[in-house]
Number of protein chains: 2
Amino acid sequence: MGAVTGHVTDHVTERAPKQDRSRATRQRILAAAVACLAEHGWSGSTVAVVCTRAGVSRGAAQHHFRTREELFTAAIAHMAEQWLTTVRERARALPREGPDRTYAVVDMLVSVYTGPLFRAALHLWVAAGEQEALRPGVTALEAHMGREAHRLAVEFLGADESRPGVRETVQGTLDMARGLGLANLLSDDSARRAGIVGQWSRLLDGVLREAG
Amino acid sequence: MGAVTGHVTDHVTERAPKQDRSRATRQRILAAAVACLAEHGWSGSTVAVVCTRAGVSRGAAQHHFRTREELFTAAIAHMAEQWLTTVRERARALPREGPDRTYAVVDMLVSVYTGPLFRAALHLWVAAGEQEALRPGVTALEAHMGREAHRLAVEFLGADESRPGVRETVQGTLDMARGLGLANLLSDDSARRAGIVGQWSRLLDGVLREAG
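Criteria and cut-off values
Residues numbered from 1 in each chain as written. Chains lettered and ligands numbered in written order. Predicted model: local features only at pLDDT ≥ 70, side-chain atom pairs only at ≥ 80, totals over all residues. Heavy atoms only, no water. Helix = DSSP H or I, 4+ residues; strand = E, 2+ residues; numbered from the N terminus. Buried < 20%, exposed > 50% of the residue type's maximum accessible area, 1.4 Å probe, protein only. Contact = heavy atoms within 4.5 Å. Salt bridge = Lys/Arg side-chain N within 4 Å of Asp/Glu carboxyl O. UniProt positions renumbered as here; feature names shortened; annotations may be inferred. Core = buried A, V, L, I, M, F, W, Y, C linked by side-chain atoms within 4.5 Å. pLDDT = per-residue confidence, 0-100. Least-squares fit on C-alpha atoms with pLDDT ≥ 70 in both.

I would appreciate a short explanation of the side chain of T73 of chain B in the present structure.
Residue and element names in this part refer to chain B. Structurally, T73 is set in helix α4 (residues 68-91). On the accessibility criterion, T73 (15% relative accessible area) is buried. If we skip the residues at most four places from it in the chain, T73 touches L124, L134, G137, V138 and L141.

Which parts of the structure should I look at to understand the pattern of salt bridges?
Two side chains with opposite charge may pair up if their charged atoms get near one another. Counting across every chain of the model gives 22 salt bridges over all chains. Put simply, R163 of chain A and D160 of chain A hold a salt bridge, and the shortest N to O gap is 3.0 Å. Residue classification places R163 of chain A among the partly exposed positions, given a relative accessible area of 37%. Using a relative accessible area of 34% as the deciding quantity, one classes D160 of chain A as partly exposed. A salt bridge links D175 of chain B to R192 of chain A; the nearest nitrogen and oxygen atoms lie 2.9 Å apart. In this pair, D175 of chain B sits in helix α8 (residues 166-183) while R192 of chain A sits in helix α9 (residues 190-211), so the two residues belong to two different chains. With relative accessibility at 0%, the residue D175 of chain B sits in the buried group. With relative accessibility at 27%, the residue R192 of chain A sits in the partly exposed group. Here the residues in one salt-bridge network are D175 and R178 of chain A together with D189 and R192 of chain B, joined through shared partners.

Explanation requested: the UniProt feature "domain: HTH tetR-type" (unreviewed entry) in chain A in the structure shown.
As annotated in UniProt, the feature "domain: HTH tetR-type" (unreviewed entry) corresponds to residues 23-83 of chain A in the numbering used here. For residues 23-83 of chain A, helix accounts for 80% and strand for 0%, while the C-alpha atoms at its two ends are 19 Å apart.

I keep staring at the environment of T46 of chain A and nothing clicks. Help me out?
Locating T46 of chain A in the fold gives a position in the loop between α1 (2-40) and α2 (47-54). Taking the C-alpha atoms as reference points, T46 of chain A and A128 of chain A, 82 residues apart in sequence, are found 15 Å from one another.

Help me out: how do you make sense of the nonpolar core in this one?
One recurring pattern in soluble globular proteins is that nonpolar side chains are buried together. In this structure, L71 and W83 of chain A together with L71 and W83 of chain B are the most contacted members of the largest nonpolar core, which totals 141 residues. Per-element tally for this core: the top contributor is helix α4 (residues 68-91) of chain A, with 10 residues. The residues contacting W83 of chain A, other than those within four sequence positions of it, are V112, Y113, L117, M145 and A149 of chain A.

Got a minute to help me understand the UniProt feature "DNA-binding region" (unreviewed entry) in chain A in this structure?
Under the feature "DNA-binding region" (unreviewed entry), the UniProt entry names residues 46-65 of chain A. Counting secondary structure, residues 46-65 of chain A comes out at 75% helix and 0% strand; the distance between its end C-alpha atoms is 13 Å.

Quick question: what am I supposed to make of the confidence of the model for chain A here?
Interpreting fine coordinate detail is not advised for predicted regions of low pLDDT. In this model, chain A carries a mean pLDDT of 88, and residues with pLDDT of at least 70 account for 92%. In the predicted structure, residues 1-10 of chain A sits below a pLDDT of 50 and forms zero contacts with residues beyond four places in sequence or in another chain.

Would you take a moment to explain the relation of the copies chain B and chain A for this structure?
The pair of chain copies shares a relation made of a rotation about an axis and a shift along it. Taken as rigid bodies, chain B and chain A are interconverted by a rotation of 180° and an axial shift of 0.0 Å, the fit giving an RMSD of 0.0 Å. What the superposition gives is, in effect, a two-fold axis relating one chain to the other. When the interface residues of chain B are mapped onto chain A, 100% of them are again interface residues, pointing to one common binding face.

Right under this line is the structure:
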């Protein structure tokens, strides 16, 4: 029995690091895919380029992802989940209430849409407009992320969406944040953006209070 | 003298149709380039694809545009100018004043950013993020179009930008319109968009009146 237990234990300890390694490889490929997308766009982000960047073999990548489309959709989904976690963590440090909180929430959301993850997502988003193979995955992911971002914004702002105009005001704020992300793609738009975030926060805060 | 005059006249009439033909060819190439970009994105929009669509030879295209980048930057610039003309014409039919005018102006601007020209521009914009050869032309064009759209919005809204918050509210509205264009890329977002346009028009109108 001792020998059998020993064998089982060995088997478990052998398998665990193997799973860890496989998982680590997968994460490394996904991170490299997002970085490639942000830097080189869809057309420059081949599986070969990602493998080189991640330091893994083509075979290892194919073990995890059957197609280039699957790899990139998974990469953005992975980063999007990480993003949601990060946003939740950062939200804990925001002012508790009042106009300062509204400003801080808008500023945080806008900073997310002007960062490297949205830049990578934007490349995939636009590529999906004309790449059939990419479209279903990216469309579903975009809808999911849109809903999640909206849900978090409502939660962080303490917005009561049963009151008229509140839901549309929050949605418009997220669309504005995406537009600001676009405006930041080719040039540093931070000075102009700061003024817009301040003014937009005041308008949003007015709607939240008026309704409350 | 009669003969000389006749010769000059002939020369002018001969040259005029030739210039017209050249101009017509140029316009046809530019229109085909924009349509290709909207449908196939940057990577699918080669000079060869555009020539086939426009029904012109490769040589004819090269006579007008030295590089692929020059062709596409010119195509969007050309359509952008047409867009500004169209917007000016449509603005004449809008309600003269009040909240109805504010709504109509926002609705018109948003409709422009959710249409095929912005879709084509979006592909070029995102491609310029990673294509060095494309970047200077597109960056300059984006800055120019941003300024022109802002100037028209201020004019149509009768906005007094010397008053606090007005300029930033108008800018934010245009960024929101661009974000709505992005949201319309992969799926029909018109139902959601209608509610947002209505609500943000009310907020914008409030800022314009409060300031006035």
